[in-house]
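Coordinates in review
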Amino acid sequence: MREANMITETRNESEDYKLTVEVPETAHAVSTDSWLQAGFVLTTGVNSVFVLGYSGTIMVPLGWIGGIVGLMLATVLSLNANMLVAKLHEHGGKRHIRYRDLAAQIYGRRAYTITWAMQYVNLFMINIGFLILGGSALKACFAVFNYDHTMKLPYCIAITGFACALFAISTPHLSALRVWLGCSTVLGLIYIIVACVLAAKDGINAPPRDYGIHGKSSSRIFTTIGACANLVFAFNTGMLPEIQATVREPAVKNMLKALYFQFTVGVVPMLAITFIGYWAYGAETPTYLLNSVSGPLWIKASANISAFLQSIICLHIFASPTYEYLDTKFGIRGSALKLNNLSFRIAARGGYLVISTLVSALLPFLGDFESLTGALSTFPLTFILANHMYIVAKKNKLSLLQKLWHWFNVVIFTIMSVAATIAALRLIVLDSKQYHVFADL
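Here is what the cut-offs are and how they apply
Residues numbered from 1 in each chain as written. Predicted model: local features only at pLDDT ≥ 70, side-chain atom pairs only at ≥ 80, totals over all residues. Heavy atoms only, no water. Salt bridge = Lys/Arg side-chain N within 4 Å of Asp/Glu carboxyl O. Buried < 20%, exposed > 50% of the residue type's maximum accessible area, 1.4 Å probe, protein only. Helix = DSSP H or I, 4+ residues; strand = E, 2+ residues; numbered from the N terminus. Contact = heavy atoms within 4.5 Å. Phe/Tyr/Trp six-rings, centres within 6.5 Å; stacked < 30°, edge-to-face > 60°. Axes fitted to C-alpha atoms, helices over the stretch in contact; angles between N-to-C directions. Parallel < 35°, antiparallel > 145°, perpendicular 65-115°, else oblique. Left-handed = near helix turned anticlockwise from the far one by under 90°. Nonpolar A, V, L, I, M, F, W, Y, C, P; charged D, E, K, R; others polar.

Tallied over the entire structure, the rule returns five salt bridges. A salt bridge links D202 to K201, with the nearest nitrogen and oxygen atoms 3.7 Å apart. In this structure D202 comes out as buried when scored by relative accessible area, which is 14%. Notably, a salt bridge pairs D327 with R349, separated by 2.8 Å at the nearest N-O pair. Placement of the pair is D327 in helix α12 (residues 297-329) and R349 in helix α13 (residues 339-362), with a sequence separation of 22 residues. Owing to a relative accessible area of 5%, D327 belongs among the buried residues under this scheme. Each of R98, R100, D101 and E324 takes part in salt bridges that share partners, so that together they form one network.

Now the structure itself:
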């Protein structure tokens, strides 16, 4: 009898929730996934193929002390900022399943366009990074078997783009990933474990390494700022409301569980490979760790293939807000296999990935794109907007000390965003002079 009452109460709570919280119109699934699935989506982003570059793009410019302190601070501050966004998901009695919807609810209609533009830039740049890294992984695999002289990086990026298009066409929305998230976890563990073990073996057998921070004072300032942008980029998606949209009710409580999972269990593999890679190679650590490790050819090849395949799944996650916008705008509903829906996905998603692939092959400067993405959009979306939106939405419920804390975050991260943008653009200009378009890096 008691169990029956509990079931009835739970059902009533769910019905009350549906009556009081409005869910906006969308062509994609809403409120279908558990908090654990959302946690794995977030963890997949943190432990994506980008982790193979953090030893070189974060630790080398910052060194041991700066790198460790920076990563710990970025973890805590990123968790706090993401929690703020998650708590605003139902602000005003409506589920804000898109970041731009949340901004429009708090600031007004003009903020909708500005936020969408920033988020689109953020996701587009991240997808470029996945295409470059997927192409780099494929090229490294060919290099293992001495075919790198025929398979240049632009060709490998084109193959990656084609594979991403096939996956995007066959996977209609974010909730449909399900089994692919398990595959992504396995693939991620393969290249992370292989890189950690082989790098550790190299480190044990190597002579003492140089862990100094090199370069002129002026260049070191810019590389340090760029590394700070990479720190922010490492932990944040810039699409938390879109991921939270897939979570079952109660959406805020379940999303907080997913975030706790991401920032505890989820960050361990990323931190391990970042520290081990830098320990093994020091200041000579490359921006793609698997290029430096030594070991059996088949093991290195399997790690690179895993990185290539995982980049395809991750790109789909970060492209999903764009796909959702297109599907909703053009009324793509019903079975994913309907001829009309299939044709639309081929045209829209295929076209988006053709443009992304072309840009990736034109300017394959991975570290620069990480820095620019962090500066232009991850800083504003994750820290500046999150804190300011929370001030505006909760202004009557916050103490003076809380308001001062959030304003402090807004000011500091605004300054960092401007500085990081200048540093990233400088790096891109320098690399553009050093490398030609469609460079084989």
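Our focus in this paragraph is the side chain of S311. Checked against the element boundaries, S311 lands in helix α12. On the accessibility criterion, S311 (1% relative accessible area) is buried. Those residues in contact with S311 that sit more than four places away from it in its chain are V49, F130, G134 and T160.

This paragraph deals with the packing of aromatic side chains. Any pair of aromatic rings gets described here by the distance separating the centres and the angle formed by the planes. Scanning all chains against the criterion turns up 22 aromatic pairs. Note on F50 and F233: the rings are 4.9 Å apart at their centroids and 75° apart in plane angle, and the pair reads as edge-to-face. Of this pair, F50 sits in the loop between α2 (35-46) and α3 (54-87) while F233 sits in helix α8 (residues 217-235), placing them 183 residues apart in sequence. The pair F50 / F233 is uniform in exposure class, with both members buried. Considering the side-chain rings of F167 and W180, the 5.1 Å spacing of their centres and the 80° angle between planes classify their relative orientation as edge-to-face.

Attention now goes to the packing of helix α6 (residues 153-170) against α12. Where α6 meets α12, the closest approach of the two axes is 9 Å, and the angle between their N-to-C directions is 55°. If you check the angle between α6 and α12, you find them oblique. Our pair here, α6 against α12, has a crossing hand that is right-handed. Contacts between α6 and α12 involve T160, A163, C164, F167 and A168 on the former and, on the latter, F308, S311, I312, I313, L315, H316 and Y323. Looking at the contact of α6 with α12 residue by residue, the classes come out as nine nonpolar, three polar and no charged.

Remember, this is a structural readout, not a statement about activity or role.
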